[in-house]
Amino acid sequence: MARRCDICNKGVVAGNQYSHSNRQSKRTWAPNLKRVRAVVNGTPQRVNVCTRCLRSGKVERAV
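Everything numeric here is computed off the predicted structure, so don't read it as measured data. (Residues numbered from 1 in each chain as written. Predicted model: local features only at pLDDT ≥ 70, side-chain atom pairs only at ≥ 80, totals over all residues. Heavy atoms only, no water.)

Draft legend 1. Spotlight on the overall build of the protein. When helices and strands are tallied, the protein shows 1 helix and 4 strands. For the protein, the α and β elements follow one another from N to C terminus as β-β-β-β-α. Over its C-alpha atoms the protein spans a radius of gyration of 16 Å, topping by over 25% the 11 Å that the globule rule assigns to 63 residues. Considering only C-alpha atoms, the protein reaches an extent of 55 × 20 × 15 Å along its principal axes. Residues classed as buried in the protein amount to 22% of the 63 residues present. For the protein, the exposed area adds up to about 5000 Å²; of that, 44% sits on carbon and sulfur atoms. (Helix = DSSP H or I, 4+ residues; strand = E, 2+ residues; numbered from the N terminus. Rg over C-alpha atoms; globule rule 2.2 N^0.38 Å. Buried < 20%, exposed > 50% of the residue type's maximum accessible area, 1.4 Å probe, protein only. Areas by Shrake-Rupley, 256 points an atom, 1.4 Å probe, with all protein chains shown as cover.)

Next up, the structure:
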């Protein structure tokens, strides 16, 4: 599964993790994705959607 929202295209972001002694190592932040049944072009499909899109109403859930 690709770690990317099908609605807003939000994906993984990389950066540095800092220890107490200020040593750096690479780390990633992944979006909070849910696999939901949503109406896409009039038909229900399973899509990967971030919780921000679900909460803001950008996705119409299929019943």
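So, next bit.
Draft legend 2. Highlighting the nonpolar core. Counting 9 residues, the largest nonpolar core is built from Cys-5, Leu-33, Val-36, Ala-38, Val-47, Val-49, Cys-50, Cys-53 and Val-59. At the level of secondary structure, the elements contributing two or more residues to this core comprise β3 (33–40) and β4 (43–50). (Core = buried A, V, L, I, M, F, W, Y, C linked by side-chain atoms within 4.5 Å.)

Draft legend 3. A look at unusual backbone geometry. Not every positive phi belongs to a glycine, and Asn-9 is a case in point at roughly 65 degrees. In this fold, Asn-9 is placed in the segment before β1 (13–18). Not every positive phi belongs to a glycine, and Asn-41 is a case in point at roughly 55 degrees. Residue position: Asn-41 is located in the loop between β3 and β4.

Draft legend 4. Just the pairing of strand β2 (residues 24–29), in detail. Relative to β2, β1 is paired through 6 bridges, and the arrangement is antiparallel. Looking at the pairing, Val-13 lines up with Trp-29 of β2. Remark: 5 residues form the turn of the hairpin made by β1 and β2, two consecutive strands paired antiparallel; Asn-22 in that turn has positive phi of roughly 70 degrees. (Pairing = 2+ DSSP bridges.)

Draft legend 5. Layout of the environment of Arg-46. With respect to the helices and strands, Arg-46 occurs in strand β4. Residue class for Arg-46 comes out exposed when judged on its relative accessible area of 52%. Not counting residues up to four positions away in its chain, the partners in contact with Arg-46 are Arg-35, Val-36 and Arg-37. (Contact = heavy atoms within 4.5 Å.)

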